[in-house]
Amino acid sequence: MRSPSVISASQSKRDACLKAAVNFFDSASAHAEAGNLQAAGTLILQALDQERRAGAVGPQVLQLIKPRK
């Protein structure tokens, strides 16, 4: 079982990634409205990367499987 501090750190990291994603999406929207579609596209990709990182925080299945000796 993971300790509360590890769970808290994971949640904090996940929240930071999701907040960064929202900021990138907001910036992308502003750039798109201004007609700068290339910058908007780049910001959308950065936001999606942050969402992916948020989903990857915490234990991974492969880390839980232990090989037999």
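It should be emphasised that the depicted structure is a prediction, and the values quoted were computed from it without experimental measurement.

1. Section: the confidence of the model for the protein
Looking at the protein as a whole, its pLDDT mean stands at 86, while 75% of the residues score no less than 70. By mean pLDDT, the top-scoring element of the protein is helix H2 (residues 37-55) (96), and the lowest-scoring one is helix H3 (residues 61-64) (60).

2. What about the pattern of salt bridges?
Summed over the entire model, instances satisfying the criterion amount to two salt bridges. The partner of Asp-49 in a salt bridge is Arg-52, and the shortest N-O contact between them spans 2.6 Å. On the criterion of helical spacing, the pair formed by Asp-49 and Arg-52 is a turn pair, its members being three residues apart in helix H2. The exposure class of Asp-49 is partly exposed, given its relative accessible area of 25%. Residue Arg-52 is classed as exposed on the basis of its relative accessible area, which comes to 51%.

3. Overview of a nonpolar patch on the surface
On the surface, a nonpolar cluster with roughly 270 Å² of combined accessible area is contributed by Ile-44, Leu-45 and Leu-48. One can find Leu-45 in helix H2.

Thresholds, definitions, all that
- Residue numbers here run from 1 along each chain, matching the order of that chain's written sequence.
- Thresholds applied to this predicted model are a pLDDT of at least 70 for local features of residues and 80 or more for the giving and counting of side-chain atom pairs; totals over whole chains, interfaces and linings are not thresholded and use all residues.
- Heavy atoms from the whole structure form the basis of all side-chain values; hydrogens and water molecules are not counted.
- Scored from 0 to 100, pLDDT reflects the predictor's confidence in each residue.
- In this text, helices come from DSSP runs of H or I with a minimum length of four residues, and strands from runs of E with a minimum of two, each type numbered from the N-terminal end.
- A side-chain nitrogen of Lys or Arg and a carboxyl oxygen of Asp or Glu constitute a salt bridge if their distance falls within 4 Å.
- Burial classes follow relative accessibility: with a 1.4 Å probe on protein chains only, a residue under 20% of its type's maximum area counts as buried, one over 50% as exposed, and anything between as partly exposed.
- Each patch is built from salt-bridge-free residues with over 30% relative accessible area, joining like charges within 9 Å and nonpolar side chains (Val, Leu, Ile, Met, Phe, Trp, Tyr) within 5 Å.
- Here the open area of atoms and residues is found with the Shrake-Rupley method and a 1.4 Å probe, where only the protein chains shown may cover a residue.

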